[in-house]
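Chains, contacts and geometry: an overview
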Amino acid sequence: MNNDLIIGSHVGFSSKNQLVGSVEEALSYGANTFMFYTGAPQNTLRNPIRKEYTDEAYKLMKEHNIDLSNVVIHAPYIVNLGNLENFDFSVNFLKGELERANTLGIKNVVLHPGASVSYDRDTSIKSIIDGLNIILDNNLDVTICLETMAGKGTEIGKNISELKTIIAGVKFKNKIGVCLDTCHLNDSGIDLTKFDEYLAEFDKEIGINYIKVIHINDSKNEINSHKDRHENIGLGTIGFDTLIKIIYDERFKDIPKILETPYVTENDESKEKIYPPYKYEIAMIRNKQFDKNLLDKIRNN
Ligand code: FE
Ligand code: FE
Ligand code: ZN
């Protein structure tokens, strides 16, 4: 199992049984890791972590060889450390999020760095650095992983240089990392057929050892579109072969690869029935062979 590909997807974290439900969902997809929001991604209402659920989830993970150190939390996307008006709220929420991660034993929390909204980019980047220096706690075994962003609107973190500036300003370097997102990289202007060139530059500027998580998504849009709309694996502009190369890159063999591809609707008109794609995408990735019947299989599950 140790040489197995570390692959999973976004899953739920319900108030019903918290981490237990997340593990069960991941297992139903044939995954050996997973990522979740500790509540709804679009709000910041959170329940306390219940120890009985965590203990039960650990037992289930042990039985199925899921390594807790590969499990990831995604911070809600409405939190914006780059917005000076909401700064205290965001800082307090993220402090709580790191404590929840620590209680659950989860090491990596993915964060969208922020957006400059009505400020200039340098002011927002400074605000993000200040926020991280308040939030990051050297006493917790939790790292914040800044996600590479598509550059939609005023998003910060759309290139190596912005991430480098933020990381350079962070005091606890062992508590900060990066989450690559393939859809976002494509939409930000990176040609993923030349991924080695990107990685060489990343290594020179930031250091490849900062990469802790990879989000694997195809993209609905052309390179440099700054759109951020995920597509199912092999059905977008990045394509199956390019994604497979990244997924199986030896340099990433010890870090989690997480799918955030869209649920599939019944047909083009009806949005009543939707199906998670992950079981079939994970199977296809393990086979290293694109399945042209992917969507039909997802719908007929
Ligand atoms: Fe994200
Ligand atoms: Fe992502
Ligand atoms: Zn995205």
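Now for a description of the structure that goes with this document. (Residues numbered from 1 in each chain as written. Chains lettered and ligands numbered in written order. Predicted model: local features only at pLDDT ≥ 70, side-chain atom pairs only at ≥ 80, totals over all residues. Heavy atoms only, no water.)

So, the overall build of the protein
The line we're drawing: Each helix is a run of DSSP H or I of at least 4 residues and each strand a run of E of at least 2, with the numbering of both proceeding from the N terminus. What the globule rule says is 2.2 Å times the number of residues to the power 0.38, and the radius of gyration is computed from C-alpha atoms. Relative accessibility under 20% of the residue-type maximum defines a buried residue, over 50% an exposed one, and the middle range a partly exposed one, all with a 1.4 Å probe and only protein chains included. We call two residues in contact whenever any of their non-hydrogen atoms come within 4.5 Å of each other. Per-residue accessibility takes into account occlusion by the displayed protein chains alone, with areas from the Shrake-Rupley method and a 1.4 Å probe. Two residue types count as positive, namely Lys and Arg, and two as negative, namely Asp and Glu; His and chain ends fall outside the count. The atoms used to mark charge sites are NZ of Lys, CZ of Arg, CG of Asp and CD of Glu.
Within the protein one finds 10 helices and 14 strands. In summary, the protein has a C-alpha radius of gyration of 18 Å against a globular reference of 19 Å for 301 residues, a match within 12%. Viewed in the frame of its principal axes, the protein has a C-alpha envelope of about 50 × 45 × 40 Å. Counting every position in the protein, which comprises 301 residues, the buried fraction comes to 53%. At a minimum sequence separation of 6, the contacts of the protein that also span at least 24 residues come to 75%. Looking at the protein as shown, the accessible area adds up to about 13,900 Å², and 47% of this sits on carbon and sulfur atoms. Across the protein, 35 positive and 44 negative side-chain charges occur, with their mean positions spaced 3 Å apart.

Topic: the pairing of strand S8 (residues 176-181)
Successive residues of a regular strand alternate their side chains across the two faces of the sheet. Rules: By this definition, two strands are paired if DSSP reports at least two bridges between them.
In terms of burial, S8 is largely enclosed, as six of its six residues are buried. By the alternation rule, side chains of S8 split into Ile176, Val178 and Leu180 and Gly177, Cys179 and Asp181, which are all buried. Inspection of the sheet shows strand S6 (residues 143-147) paired to S8 by four bridges, in the parallel sense. Looking at the pairing, Leu146 lines up with Val178 of S8. Here four bridges tie S8 to strand S9 (residues 211-216), and the two strands are oriented parallel to one another. Considered in S9, the bridge of Asp181 is made with His215.

Topic: the coordination of the iron ion (ligand 1)
Stated formally: Ligating atoms shown are N, O and S within 2.8 Å of the metal, or 3.2 Å for Na, K and Ca, and water is not included, meaning a site may look less than complete.
Protein ligation of the iron ion (ligand 1) involves His74 (NE2), His112 (NE2) and Glu147 (OE), the donor distances falling in the range 2.1 to 2.3 Å. In this structure, the iron ion (ligand 1) is positioned 3.2 Å from the iron ion (ligand 2), and both are ligated by Glu147. Taken together, the residues His74 in strand S3 (residues 72-74) and His112 in the loop between strand S4 (108-111) and strand S5 (114-115) connect sequence positions 38 residues apart. When sorted by exposure, His74 lands in the same class as His112, which is buried.

A short note on the packing of aromatic side chains
Heads up, the rule is: Paired rings are identified among Phe, Tyr and Trp, the last through its six-membered ring, by centres lying within 6.5 Å, and are further divided according to the angle between planes into stacked (under 30 degrees), edge-to-face (over 60) and tilted (the rest). For a Lys NZ or an Arg CZ to count as sitting over a ring, it must be within 6 Å of the ring centre and within 35 degrees of the ring normal.
Scanning all chains against the criterion turns up nine aromatic pairs. Taken together, a centroid distance of 6.2 Å and an interplanar angle of 50° make the contact between Tyr198 and Phe202 tilted. Of this pair, Tyr198 and Phe202 are both found in helix H7 (residues 195-205), four residues apart, which corresponds to roughly one turn of the helix. Of the two residues, Tyr198 and Phe202, neither departs from the other in class, the shared state being buried. Ring pairing ties together the aromatic residues Phe195, Tyr198, Phe202 and Phe252, which thus form one cluster. The aromatic ring of Phe93 is capped on one face by Arg100, whose charged end is 5.2 Å from the ring centroid. Directly above the aromatic system of Tyr248 lies the positively charged group of Lys288, at a separation of 4.2 Å from the ring centroid.

Quick look at the environment of Glu97
The cut-off we apply is this: In protein, a polar contact means a hydrogen-donor-capable atom and an acceptor-capable atom, both N or O and within 3.5 Å, with residues adjacent in sequence counting only if both atoms are side-chain atoms; elsewhere, any N or O pair within 3.5 Å suffices.
With respect to the secondary-structure elements, Glu97 resides in helix H3 (residues 87-104). Along the chain, Glu97 and Thr44 lie 53 residues apart, while their C-alpha atoms are 9.7 Å from each other. Those residues in contact with Glu97 that lie beyond four places of it in its chain are Thr38, Arg46, Ile73, His74, Ala75, Pro76 and Val109. Within the local environment of Glu97, its side chain forms a polar contact with the side chain of Thr38, the two groups lying 2.9 Å apart. Looking at Glu97, its side chain comes within polar contact range of the side chain of Arg100, at 2.8 Å.

Digging into the coordination of the zinc ion (ligand 3)
Any two of four tetrahedral donors ideally make an angle of 109.5 degrees at the metal, while pairs among six octahedral donors ideally make 90 or 180 degrees. Protein-derived ligands of the zinc ion (ligand 3) are His184 (NE2), Asp228 (OD) and His230 (NE2), with the metal-ligand distances lying across 2.0 to 2.3 Å. When the donor residues of the zinc ion (ligand 3) are listed from N- to C-terminus, their spacing reads H-x43-D-x1-H. A separation of 5.2 Å is found between the zinc ion (ligand 3) and the iron ion (ligand 1). You can see His184 sitting in helix H6 (residues 182-188) and its partner Asp228 sitting in the loop between strand S10 (218-219) and strand S11 (230-231), a full 44 residues away along the chain. With respect to burial, His184 and Asp228 carry one shared label: buried.

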